[in-house]
Every structure is written in structure tokens, then in C-alpha cells.
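For reference, the chains in residue letters:
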Amino acid sequence: MSVVELRDLTKTFDGGVEALRGVDIRIDDGEMVAIVGPSGSGKSTLLQLIGCLDRPTSGEIHLGGRNISRDGDRRLSALRGREIGFVFQQFHLVDALSAVENVALPLLYQSSRRAERHRRAVAALERVGLGHRLHHRPAELSGGERQRVAIARAIVTEPSMILADEPTGNLDTATGAEIIDVFRMLHADGATVVIITHDREIAASMPRVIHLRDGRVEADPADAGPIERSIERSIEQPIEQPIEQEVPDGAACP
């Protein structure tokens, strides 16, 4: 079952700048996908459209099987709050609030009781390994811890998809690897995760990598036919060395 499907999607900004040009992508429930491409390839625009933060110029966006391309602001806002968890490079935490209060914020829009919001926020922080930092404010946390808080905030509503925009961009290599491990843990638990990244090592470790260039899909393993996938698998397989057989003395070699 698809979580999101883009059909012939285009986005043109004022001045005639074509950010996306006929993009077709389908992401299924439980997938972990990296979207990569050079600056100006359309990655950020694609994220905004998938995340219901903007509307396409033409084409269709199907979220959970329903066409949302022309939905109004109120309905898109409700979809964002219910179906999509966002993680950004800049964390976007409220400095005056503790970790658990930051994580509980999205639940304010679901009319849940205060005790329930607190319980779910604590559970989300424990899930990302921050159960011991519940009452610390962002200034008291490291960069990696702040990003974990942001991830906990993204998952507290139990969304159908997590969108991460350069989630390791402000972190050192070791801390960034730890954050990617958190996403892998969420994926192993059944979450659908889409990560936009410029880091080649991170992209290379993902099960599926979609390459964008000049607003188009340049490469996507999901588009490969049976023959192409068979070739890819054979390339990835280690080459087995032939077993040398002993030839008896005086015997002719085959």
C-alpha cells in the first residue's frame, strides 16, 4: 500500500522557474528512502509538496490513496498534523520549553488531555533514548540530543510518514551517524521514513535512493524492470572463485 504517490508532478514559481518537471514517485508503507541531488535539483520543493506545505502547479499528490492536490489550507493543515512528522536541520525547538514540553506540542491540536500528552511525550523521548533528559531545555542539550528531541516530536502523533530534511546537516559525523541509527530503528519498527540528504555515505546506506536532477527523477531503483533489478543484484553479489580441482599425474587437462 502506498503512503504517498506523485503523478506527473510539476512546480513552477513566479518568474517561470521550473523546480519540478513531471515527477513520478511512489513510496510504500514501511519503506526507508533517501532523496539526493545537487543544489537546485528540486529536493526541498519536493519535500514541501509531499509534506502538504505547498501545492503543485500541475499533477497529483496522493496521500494514503487520496488525491490531496487541490485540498484547502485547513484540510492540508489537518493532514500535516495527523499524517506527517517533520524533522529539520535546524531542530526548531522552543527554547523556553523543556524536552518533554517540546515533544508534547503537536498533541495540543488533537484535543488530548494534559496527562495523556505528557505520557505520550515521555514515551516518544524514551523511544529515542532521551528518557533521562525529559526536563532539560534545548540550551542544556547537545546538538545530537536536540535532534533526538525533534525526532521524538515528529513521532509523538504516530504519523504515517516521517520526512527529514538534512537531519544531520548541523551535526558532526559521529553524532550524525547516531541520528541515522535512530531513523533506522524507527524504520525497523515499521515507520515510513523519507530523508533528504546531501551526504553520500548516508544515502549509500539507505535501502532505496532516489536521485533528482534539474527537477526530474534521474534514477530510482523502483523504476527498474525485472532485468535491471536482476543485473543490480548480480553486481552486488560477491564473485565466487572457481574451485580448483587436482589433476592426477599424467592425466590430460580438460
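Structure's up top.
Computed from a predicted structure; not experimentally measured.

Trainee: Summarise the overall build of the protein; cite the residues concerned and give the values.
Mentor: Scanning the protein from N- to C-terminus turns up eight helices and 10 strands. Considering the protein as a whole, with its 254 residues, one finds that 43% of them fall into the buried category.

Trainee: Lay out empty space enclosed by the protein with the relevant residues and their values.
Mentor: A full pass over the atoms with the stated rule returns one cavity of 30 Å³ or more. Estimates place the volume of the largest cavity at around 40 Å³. As for the largest cavity, its lining consists of Leu-49, Cys-52, Asp-54, Arg-55, Pro-56, Ile-61, Ile-68, Ser-69 and Leu-76. Residues belonging to the lining of the largest cavity are distributed by class as follows: six nonpolar, one polar and two charged.

Trainee: Would you mind going over the pairing of strand β10 (residues 216-219) in detail, with residue names and values included?
Mentor: Pairing analysis gives three bridges linking strand β9 (residues 208-213) to β10, with the strands arranged antiparallel. Looking across to β10, one finds that Arg-213 is bridged to Arg-216. Adjacent in sequence and paired antiparallel, β9 and β10 are bridged by two residues, among which Asp-214 carries a positive phi angle near 55 degrees.

Trainee: Describe the pattern of salt bridges, with residues and values.
Mentor: Inspection of every chain in the model, using the stated rule, returns 15 salt bridges. With a closest N to O distance of 2.7 Å, Asp-73 and Arg-55 form a salt bridge. Separated by 18 residues along the polypeptide, Asp-73 in helix α2 (residues 73-83) and Arg-55 in the loop between α1 (43-50) and β4 (58-63) bring together distant segments of the chain. In this structure Asp-73 comes out as exposed when scored by relative accessible area, which is 57%.

Trainee: So what's going on with the packing of aromatic side chains? Residues and values would help.
Mentor: Applying the stated criterion to the full structure yields one aromatic pair. Taken together, a centroid distance of 5.7 Å and an interplanar angle of 5 degrees make the contact between Phe-86 and Phe-88 stacked. You can call Phe-86 buried: its relative accessible area is 14%.

Trainee: Give me unusual backbone geometry: which residues, what numbers.
Mentor: Even without being a glycine, Cys-52 presents a positive backbone phi close to 60 degrees. With respect to the helices and strands, Cys-52 occurs in the loop between α1 and β4. One non-glycine residue, His-92, adopts positive backbone phi at about 55 degrees. Turning to its location among the elements, His-92 is positioned in the loop between β6 (84-88) and α3 (99-104).

Rules behind the numbers
- Residues numbered from 1 in each chain as written.
- Predicted model: local features only at pLDDT ≥ 70, side-chain atom pairs only at ≥ 80, totals over all residues.
- Heavy atoms only, no water.
- Helix = DSSP H or I, 4+ residues; strand = E, 2+ residues; numbered from the N terminus.
- Buried < 20%, exposed > 50% of the residue type's maximum accessible area, 1.4 Å probe, protein only.
- 1 Å grid on protein atoms, 1.4 Å probe; cavity = no way out; pocket = protein on both sides within 12 Å on 5 of 7 lines; lining within 4 Å.
- Points joined across faces, edges and corners; volume = space filled by probe spheres on them.
- Nonpolar A, V, L, I, M, F, W, Y, C, P; charged D, E, K, R; others polar.
- Pairing = 2+ DSSP bridges.
- Salt bridge = Lys/Arg side-chain N within 4 Å of Asp/Glu carboxyl O.
- Phe/Tyr/Trp six-rings, centres within 6.5 Å; stacked < 30°, edge-to-face > 60°.

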